[in-house]
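Descriptive structure summary
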Amino acid sequence: MKWLLLSLVSWPVFAWTVVGEGIRGWDTKRLTVYVNTQDCRVEAAALLSTLDAAINAWNGLPTSGVELQRQLQTSAPDVSGFLAGSLTEVPVILCDSNFSASNSVDGNFVPAVTRLSSMGGRLSYGGILLNAEA
C-alpha cells in the first residue's frame, strides 16, 4: 500500500513581485541581479538553475516593465557591507555562513534589504541574504 502525505506549512517569504502602475521601481529597463555562491550550502549549479528559472519566469511577464539578468560574482561575499548598504553591485544575493552573528533575526527568515533613492522614490539598493550557517 502506498501512502501520500501532504503537509501545508507556511513560512515567511520575501521576493520580488509585479505590482500595478504608479509604483516606482529600479530606474532601468534591464536590471542585473548579482549572485555570489561562495559560502552557500547548496551546490552553485542548483542555486543558479533555480535563480535562472525565476528570472525566466519574470522576464516572461509582459507587464513587468523590467528585464532581469544575472551575473556571478567571484569576489568574497561582503555580508557586512551588504547589511550596511555600502555595496555597489546590487541587487545582490549572498549566502552567510555566520548568519546568526550577522543578523538579529530568527534563522527561519531570509532578510531582504531594499532602499529608496532620495531622488524620485526609485529603488536604489537591494538584495537577499541566505542563511548558510551549519
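Scroll up to find the structure this text is about.
All of the points below concern the structure found in this document. (Residues numbered from 1 in each chain as written. Predicted model: local features only at pLDDT ≥ 70, side-chain atom pairs only at ≥ 80, totals over all residues. Heavy atoms only, no water.)

1. A look at the packing of aromatic side chains
Applying the stated criterion across every chain, the model contains one aromatic pair. Measuring from centroid to centroid gives 6.3 Å for F82 and Y125, while their planes differ by 25 degrees, and the two rings are stacked. Remark: Y125 occurs in strand β5 (residues 123-131) and F82 occurs in helix α2 (residues 79-84); sequence separation between them is 43 residues. Taking relative accessible area as the criterion, F82 reaches 0% and is therefore assigned buried. On the basis of relative accessible area, Y125 is assigned to the buried category, the value being 5%. (Phe/Tyr/Trp six-rings, centres within 6.5 Å; stacked < 30°, edge-to-face > 60°. Helix = DSSP H or I, 4+ residues; strand = E, 2+ residues; numbered from the N terminus. Buried < 20%, exposed > 50% of the residue type's maximum accessible area, 1.4 Å probe, protein only.)

2. Focus on the pairing of strand β1 (residues 30-35)
Most of β1 is tucked away, with five of its six residues classed as buried. Strand direction decides the pairing type here: β1 and strand β2 (residues 67-72), joined by six bridges, are parallel. Bridge pairing in β2 links V33 to R70. In terms of handedness, the path from β1 via helix α1 (residues 44-59) over to β2 forms a crossover that is right-handed. As paired elements, β1 and strand β3 (residues 92-96) share two bridges and run parallel to each other. Within β3, the position partnered with V35 by the bridge is I93. (Pairing = 2+ DSSP bridges. Right-handed = clockwise from strand over helix to strand, strands pointing away.)

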